[in-house]
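# Geometric and topological summary
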Amino acid sequence: MTRLATYFLPTLRDDPAGAEALSHRLLVRAGLVRQLGAGLFTWLPGGYRVIKRVEAIIREEIDAIGGQEMLMPVLQPAEPWRISGRYEIDELFKLSDRKGSDHVLAMTHEEALTFHAARDIRSYRELPKILYHMQVKERDEPRPRAGVLRTREFTMKDSYSLDRDAEGLDRSYELHRRAYARILDRCALDWYEVEADVGMMGGTAAHEYMAPCAAGENRVALAPGYAASVEVASAEAQAVELPPALDEPREAPTPGLTTVEEVSGALGVDPGAALKALPVVVEGRGMVLALVRGDHRLNEIKLRNALGADFRQATPQEIESELGPPGFIGPVGAELPVIKDAAIQGAGYFAGANRPDAHLIGVEPGRDFAYEELDIRSVEAGDTTAGGEPITIETAIEVGNIFKLGTRYSEPLGATYLDPQGTERPIVMGCYGFGPARAVAAAIEQGADEKGIVWPRSLAPWDVHLVALGRAGEETFEAAERLYEELSAAGLETLFDDREAGAGEKLTDAELVGCPLRIVVGKRALAEGEVEASERRDGSEQRLALADAARRAAEIVAGLA
């Protein structure tokens, strides 16, 4: 029984200070969440109902592919994380207990799951398996933002597949791809699957599930038949007009001009004719000079993957020592390894001369400097796929991700099995994450209007928002009381606004909370034996006979998406 007179649903008239994302503003205004601290949110009773609906969908679909639900601790010993090599991750919360033993607050559970597999799985006969849990995760997020989208504490569904070999992993991976498609469709989200970077998870392949919306923090490259995270997307660069080639580089004075835009403007050439030099210091290798076109941006994830090592930007002092004054550096004459982005083609470029107030024109890669060629830039809107299709860039919320881990965790943590010949082999693993809170935020971002949230029926905290325009003891209120009982008996989750509040406040809150169907019991309609029904998504209205209102409401709700 959900009566607003006693229910904890503290709605607000105004947006909370500092909230930028639409989902953040509306979740707070609708009384569904409250912020406890930076990146820390409490899901109030109404909001938690939505979370539980998403979790129910997830459980049904993962159970359907053979998933077995379990629960692993969020507080974990540090040692498995040290063995896996992930203990030094900056975002990992680390702490010590009163005895001085090191622990972590898990941001994901590969180490824990692999720890158990190493101790309790012995034979090929025990594989394959899909194990999963819904668990709180902790992340020392440096920049919490966008409400529940990037937080320091969150709940995730993580499932893990354990297989004998790569073929088994392929099957488990495909089962999850299909399950995720069903989950997202049942959540009524617009979405797409994109190729992704394996990142800190490691492994051999990954996909992300994106819900497009303006508040998204992920950028996705899209074209007919192609979708990839900008972190890994590749494309044919748009052509750039280069100055005429020269027999050799020629120095051009550029006093005080340090940016691509300033120098290209002074030279009267396209910014894409610049060789933008970006010195980085690579672990175990030293300084390397990365080159991209002046109209392009370095993709640090691509560069990190290409190098196979972490790196940092060089300091101004290191640049001065190895090359010359920052703002005037380039590859010609540099005694450093050079990585040239593959989009740099042809001759006639300009670059820093490694001397103050000077650049070189007529630079030709290969002739004037040696290089290693790699794809290290971020794609741009207007680039084209290998098939010639133009690429667009769209922002989106990442609601889920899947990874082929392979033996990334099983080998260091000793998770092995004996094959039919008695040979010990590492278990081949996959991991599959899904964020209920992100799905909730995406549903709000995609469906809300100027009045408030517009829930799809599958996620709505209640099916019906019943509003009584009257006070206790009045005819309208008594009729609403009876209808509330009938709606509940008909199987409809109903929020009954029985507060002593004005009609305007009640109707505004109903729009804000966004249940699929609103039913208003007022004097005018009741005098004719009717109540007023309104569908939240399109605003369509109709009158229902009071005597048949519960049955008709059930039919209407059943037909809603």
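Up top is the structure.
Residues numbered from 1 in each chain as written. Predicted model: local features only at pLDDT ≥ 70, side-chain atom pairs only at ≥ 80, totals over all residues. Heavy atoms only, no water.

### Structural notes on helix 11 (residues 475-489)
The first and last C-alpha atoms of helix 11 sit 21 Å apart over 15 residues, in line with the 21 Å expected at 1.5 Å per residue. Residues of helix 11 that are buried: Thr476, Phe477, Ala479, Ala480, Leu483, Tyr484 and Leu487. Projection of helix 11 onto a plane perpendicular to its axis shows the buried side chains occupying an angular sector of 155°, all on one side. Opposite its buried face, helix 11 presents the exposed residues Glu475 and Ala489, each directed more than 90 degrees away. Count one or two residues on from helix 11 and you reach Gly491, which has phi positive near 90°. (Helix = DSSP H or I, 4+ residues; strand = E, 2+ residues; numbered from the N terminus. Expected span 1.5 Å × (residues − 1). Buried < 20%, exposed > 50% of the residue type's maximum accessible area, 1.4 Å probe, protein only. Arc of directions from axis to C-beta.)

### A closer look at the pattern of salt bridges
Where charged atoms from two side chains of opposite charge approach closely, those side chains can pair. Scanning the model with the defined rule gives 55 salt bridges in all. The shortest N-O distance in the salt bridge between Asp419 and Arg425 comes to 2.7 Å. Residue class for Arg425 comes out partly exposed when judged on its relative accessible area of 39%. A salt bridge links Asp548 to Arg551, with the shortest nitrogen-to-oxygen separation between them at 2.6 Å. With a relative accessible area of 44%, Arg551 lands in the partly exposed category. Overlapping salt bridges bring together Arg139, Glu141, Arg145, Arg150, Glu217 and Arg438 as one network. (Salt bridge = Lys/Arg side-chain N within 4 Å of Asp/Glu carboxyl O.)

### Thoughts on the side chain of Arg438
You can see Arg438 is positioned in helix 10 (residues 436-447). Among the residues examined, Arg438 registers a relative accessible area of 16% and is labelled buried. There is a polar contact of 3.0 Å between the side chain of Arg438 and the side chain of Glu217. (Polar contact = N/O pair within 3.5 Å; in protein donor to acceptor, adjacent residues only side chain to side chain.)

Remember that the coordinates give geometry; whether it matters functionally is a separate question.
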